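Each chain, letter by letter, is given below.
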Amino acid sequence: MAKRKGLLGKKIGMTRLFTETGEVQPVTIIQLGPCYVTQVKTVATDGYNAIQIGYGHKPRLNKPEAGHLGSNPPVRYLREIRTDDAAEYQVGQVIDVSVFKPGDLVDVTGTSKGKGFAGAVKRYGFRGGPKTHGQSDRHRAVGSIGSTTTPGRVFKGLRAPGHMGNRRTTVLNLEVVKVDVERNVIAVRGAVPGPTGGLLLVRNAIKS
Amino acid sequence: MTQELLKVWDPQPNPNIPELHPGDTVRVHARIVEGDRERIQVFQGVVMRIRGGGANANFTVRRIAAHGIGVERTFLFNSPRIERVEVLRRAKVRRAQLYFLRKYRGKAARLKEDRSLFEDK
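Residues numbered from 1 in each chain as written. Chains lettered and ligands numbered in written order. Predicted model: local features only at pLDDT ≥ 70, side-chain atom pairs only at ≥ 80, totals over all residues. Heavy atoms only, no water.

> Would you explain the overall build of chain A in this entry?
A count of helical and extended segments in chain A gives 3 helices and 12 strands. Relative to the compact-globule value of 17 Å for 208 residues, chain A shows a C-alpha radius of gyration of 22 Å, a clear excess of over 25%. Going through the 208 residues of chain A one by one, you find that 37% of them count as buried. Long-range contacts, defined as pairs at least 24 residues apart, comprise 71% of the intrachain contacts of chain A with a sequence gap of at least 6. In the structure as shown, chain A presents an accessible area of about 12100 Å², 49% of it carried by carbon and sulfur atoms. Averaging the coordinates of the 32 positive side-chain charges in chain A and doing the same for the 15 negative ones gives two points 13 Å apart. (Helix = DSSP H or I, 4+ residues; strand = E, 2+ residues; numbered from the N terminus. Rg over C-alpha atoms; globule rule 2.2 N^0.38 Å. Buried < 20%, exposed > 50% of the residue type's maximum accessible area, 1.4 Å probe, protein only. Contact = heavy atoms within 4.5 Å. Areas by Shrake-Rupley, 256 points an atom, 1.4 Å probe, with all protein chains shown as cover. Lys, Arg positive; Asp, Glu negative; His and termini not counted. Charge placed at Lys NZ, Arg CZ, Asp CG, Glu CD.)

In structure tokens:
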């Protein structure tokens, strides 16, 4: 594991910004934090190092939630970030967007937009069948799904139509373009998973 | 609230771009970057359409280049590469998008001038 820092936030939407040289940059605006450290987990107490952070506002907490949060604000979302330096955090500590600065690379995790039951063309990029030459009902079909008597079955894991999207997805190494500490907003270059308003977990990049 | 946050970094309107209307004959001074050299290129023509969209707002200018070839170029209102825009002439038009200009050439592609632009001054 590595030392990681992160924040929870909400996707605001995409827009474009210009660089100093006048090039257009597609960016996603994310409202991030402030987040509160709600629990610190260490090897000694839990077997691994992590911090649990809370974000959002929940007007009515049930008893277990209230007990867990203690003197922390009533947050709606709790997520854990595994990090080696968990012991350096204190419960109740506030984390805000100032942990990121323009030029940083971040990983953004969210729940992708649900596409429902999707065919193999949309889900896996299959080519589909020919449009002409006497084809009927074969335009978006999956094609062959295997051999004949040997092996006499369809292999497991074969790509086929099924549910697509609405899954936890992480986009790696997005560049932070802008940070606004006052408004708790950042802009990252590129697209992030999920719909506008969706919950996002933004952490510093792990593979860079 | 969320919609406002989307506009946090929207640029201020370029003071060197006056209010434009479809049918305006304009001269756009655009900064062209070639390798490490920079120069200003002037593109003069008729504003054919104006599209909104906040940070993405743009306008398209049509001009007739050599050999009667129509050239359309779209500029982003917020691009720092637009040095300035001059309005030379305003025309009376009855549509927002002047796509019909593509069908006409020469004398037929003229637009009736709206004199009110210069009377104000």
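Now that the structure has been shown, we can carry on.
> Where do I start with the interface of chain A and chain B in this structure?
Interface size is commonly expressed as the accessible area that is lost once the parts come together. Contacts between chain A and chain B engage 22 residues on the former and 13 residues on the latter. Between chain A and chain B, a total of about 1500 Å² is buried, with carbon and sulfur atoms accounting for 72% of that surface. Contact with chain B buries surface across chain A, with Ile12, Arg16 and Phe18 of chain A losing the most and accounting together for 38% of the total. Linking chain A with chain B are 1 salt bridge, by the criterion used here. Where chain A touches chain B, the interface holds 3 residue pairs in polar contact (both at pLDDT 80 or more). At the level of secondary structure, the elements contributing two or more residues to the side of chain A that touches chain B comprise β1 (6-18), β2 (24-32), β10 (168-180) and β11 (185-189) of chain A. Its residues assigned to classes, the side of chain A that touches chain B comprises 10 nonpolar, 6 polar and 6 charged. (Buried area = accessible area lost by both parts, 1.4 Å probe. Salt bridge = Lys/Arg side-chain N within 4 Å of Asp/Glu carboxyl O. Polar contact = N/O pair within 3.5 Å; in protein donor to acceptor, adjacent residues only side chain to side chain. Nonpolar A, V, L, I, M, F, W, Y, C, P; charged D, E, K, R; others polar.)

> Just checking my understanding: could you explain the nonpolar core for this structure?
Within soluble globular proteins, side chains that are nonpolar generally end up buried alongside one another. Judged by nonpolar contacts, the single largest core of 25 residues is most densely connected at Ile30, Leu32, Val106, Val188 and Val202 of chain A. Mapped onto this core, the elements with two or more residues apiece are β1, β2, β3 (35-41), β4 (50-55), β7 (105-111), β10, β11 and β12 (199-204) of chain A. Beyond its immediate stretch of four places on either side in the chain, isoleucine 30 of chain A contacts Lys10, Ile12, Asn184, Val185, Ile186, Val188, Val192, Leu200 and Val202 of chain A. Counting residues in hydrophobic clusters, the runner-up holds 14 residues, among them Ile17, Ala57, Phe59 and Phe75 of chain B. (Core = buried A, V, L, I, M, F, W, Y, C linked by side-chain atoms within 4.5 Å.)

> How should the domain arrangement of chain A be read in this particular structure?
Residues and elements named next belong to chain A. Per the domain assignment, the segments of chain A are domain 1 (12-25 + 101-114 + 165-208), domain 2 (34-95) and domain 3 (116-163). Summarising the inter-unit geometry, the C-alpha centres of domain 1 and domain 2 are found 23 Å apart. Counting residues at the interface gives 4 residues for domain 1, matched by 5 residues for domain 2. Counting the surface lost from both domain 1 and domain 2, the interface buries some 410 Å², and carbon and sulfur atoms represent 82% of this. Where domain 1 packs against domain 2, one counts 0 salt bridges. Taken together, the links from domain 1 to domain 2 amount to 0 residue pairs in polar contact (both at pLDDT 80 or more). Of the residues that constitute the side of domain 1 that touches domain 2, the class distribution is 2 nonpolar, 1 polar and 1 charged. (Domains from an automatic or database assignment.)

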